[in-house]
Amino acid sequence: MPIKDEIAAFVEEMRAWRRDIHAHPETAFEETRTSNIVADKLQSFGIEVHRGLATTGVVGTLAVGNSNRAIGLRADLDALDILEENTFDHVSTNPGKMHACGHDGHTAMLLGAAKYLSETRRFNGTVQFIFQPAEENEAGGRVMCEDGLFELFPVEAVYGMHNQPGLPLGKFGMRVGPSMASADMFEIMVTGKGSHAAHPHHGADPIVTGSEIVTALQRIASRVTNPIDAAVVSVTQFHSGTNMNVIPEIAVIKGTCRTLSRTVQDTVEVRLKEVARGIAAAHGLTAEIVYDRRYPVLVNTAEETIKAAKAAIAVAGEENVNTDHPPTMGSEDFAWMLQERPGCYIRVGNGEGEDGGCVVHNPHYDFNDQAAVYGASYWATLVEQELSPA
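A brief report on the enclosed structure follows. Numbers given to residues run from 1 along each chain, matching the order in which its sequence is written. The model is predicted, so local features are restricted to residues of pLDDT at least 70 and side-chain atom pairs to those at 80 or more, both for listing and for counting; the totals for chains, interfaces and linings are taken over all residues. In computing side-chain values, all of the structure's heavy atoms are included and hydrogens and water are not.

What about the overall build of the protein?
Moving on, step 1. Looking only at helices and strands, one finds twelve helices and 16 strands in the protein.
Moving on, step 2. We compute the radius of gyration from the C-alpha atoms alone; for a globule the expected value is 2.2 Å times N to the 0.38, where N is the number of residues. Over its C-alpha trace the protein gives a radius of gyration of 23 Å, about what one expects of a compact globule, namely 21 Å for 390 residues.
Moving on, step 3. For the C-alpha atoms alone, the extent of the protein along its principal axes is close to 80 × 45 × 40 Å.
Moving on, step 4. Working definition: with a 1.4 Å probe on protein chains only, accessible area under 20% of the residue-type maximum means buried, over 50% means exposed, and in between means partly exposed. Burial statistics for the protein: of 390 residues in total, 55% are counted as buried.
Moving on, step 5. In the protein, 81% of the contacts between residues at least 6 apart in sequence involve partners at least 24 apart.
Moving on, step 6. Accessible surface area values rest on a Shrake-Rupley calculation with a 1.4 Å probe, where residue burial reflects the displayed protein chains alone. Accessible surface for the protein amounts to roughly 16,100 Å². Of this, 51% is attributable to carbon and sulfur atoms.
Moving on, step 7. For the protein, the distance from the average position of its 31 positive side-chain charges to the average position of its 51 negative side-chain charges is 3 Å. We count a stretch as a helix when DSSP gives it H or I for four or more residues in a row; a strand needs E for two or more, and each element gets its number in order from the N terminus. Contacts between residues were defined by any pair of non-hydrogen atoms, one from each residue, lying within 4.5 Å. In summary, the charge assignment counts Lys and Arg as positive and Asp and Glu as negative, without counting His or the chain termini. Lysine's charge is taken at NZ, arginine's at CZ, aspartate's at CG and glutamate's at CD.

As structure tokens, this is what we get:
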């Protein structure tokens, strides 16, 4: 496989960066140590560094030649609020926080590509290396866009990448169109009338009514939306009551909705609100709903996906690149950047079995360092192809 020899030569250096970041995880908008490492590395490569977008974001600018063309490459910085259960030497030193999604690896791969590109300079144009905070839950990508990312650092296209456990090393996946789902968060507060548990007829029970709402919400995906259209409605929290012999006043239901189209997203939101309010009213209670459209659908544009596939094929061979990679109901705030600029978000294999097959957001997950050479080589190849000096 024609991975970059120059990148393969410093793979141990990338491993050291990655494991240091893994051992010191930082969560949304608190990635101070991580962003300092990134900024210092970029400066040491001779790359112009800009800081402050979305609080802890870092953008490195590398301009070569006289072309006015520019592309953006994005990696995420943040960790998760998970107690790590691994026992290796680079285990988290920050209890309750963990790089359980591989953002440490994403950061290391983009740094590796930045090092290579700054040394070889075999392109004509500008590369914006975008290191984004708060991908997990807090939509740091949206905040960077709101802070003027693409006005301050113009690009004609932007590209992202994520590791995929279970996908063999050296393989890539991408697809044109909707590739990851929207992520909407909801909170339903059912308010009734408290009473003694022995005399329920004196009250209006929010637990029983809330339970009926939970059950009814499942019919949105199974009976309201077209079976061909992907939709997920998941209730993940139900909070109510403080005493075994008291019917409480309030029950709070929380969860998430996922879809792969704006039309279905609209339908799910409307029906969720109608179901919750209607059931509550039928039993003499009220339901207040907060519905937060946190992440939009991630949509890869056709031309940029073709370009991404071309670069991946150059690195891994056509037989190792799947251009019809299945969409997922997981979400990604890179979708906000793709609403601002055309681009493509791809998958790089994290390996199978014990070395790379543990799913993300698991306390035993670890990024597979062997994947870094493929990811960094892809980034470098994409730049050299799209900003060709010829």
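Notes on the pairing of strand S4 (residues 125-132)
Moving on, step 1. Burial analysis of S4 places eight of its eight residues in the buried class, which makes it a mostly covered element.
Moving on, step 2. Each pair of strands is called paired provided DSSP finds at least two bridges between the two strands. Looking at chain direction, strand S2 (residues 58-64) and S4 are connected through seven bridges and run antiparallel. Among the inter-strand pairings, Ala63 is bridged to a residue of S4, identified as Thr126.
Moving on, step 3. Here seven bridges tie strand S3 (residues 70-76) to S4, and the two strands are oriented parallel to one another.

Describing helix H8 (residues 262-282)
Moving on, step 1. Its 21 residues place the ends of H8 30 Å apart at the C-alpha level, agreeing with the 30 Å of an ideal helix rising 1.5 Å per residue.
Moving on, step 2. Along H8, the residues classified as buried are Val264, Gln265, Val268, Glu269, Leu272, Val275, Ala276, Ile279 and Ala280. Projected down its long axis, H8 carries its buried residues within an arc of 140°, all on one side. Exposed side of H8, more than 90 degrees from the buried face: Arg262, Thr263, Ala281 and Ala282 are the residues found there.
Moving on, step 3. Where the residues of H8 are buried, they touch strand S8 (183-191), helix H7 (206-224), strand S10 (231-240), strand S12 (250-259) and strand S13 (286-295).
Moving on, step 4. Two residues or fewer after H8 comes Gly284, characterised by a positive phi angle close to 80°. Multiply 1.5 Å by the residue count of a helix minus one, and that product is the helix's expected span. Summarising the geometry, the arc corresponds to the directions from the helix axis toward the C-beta atoms.

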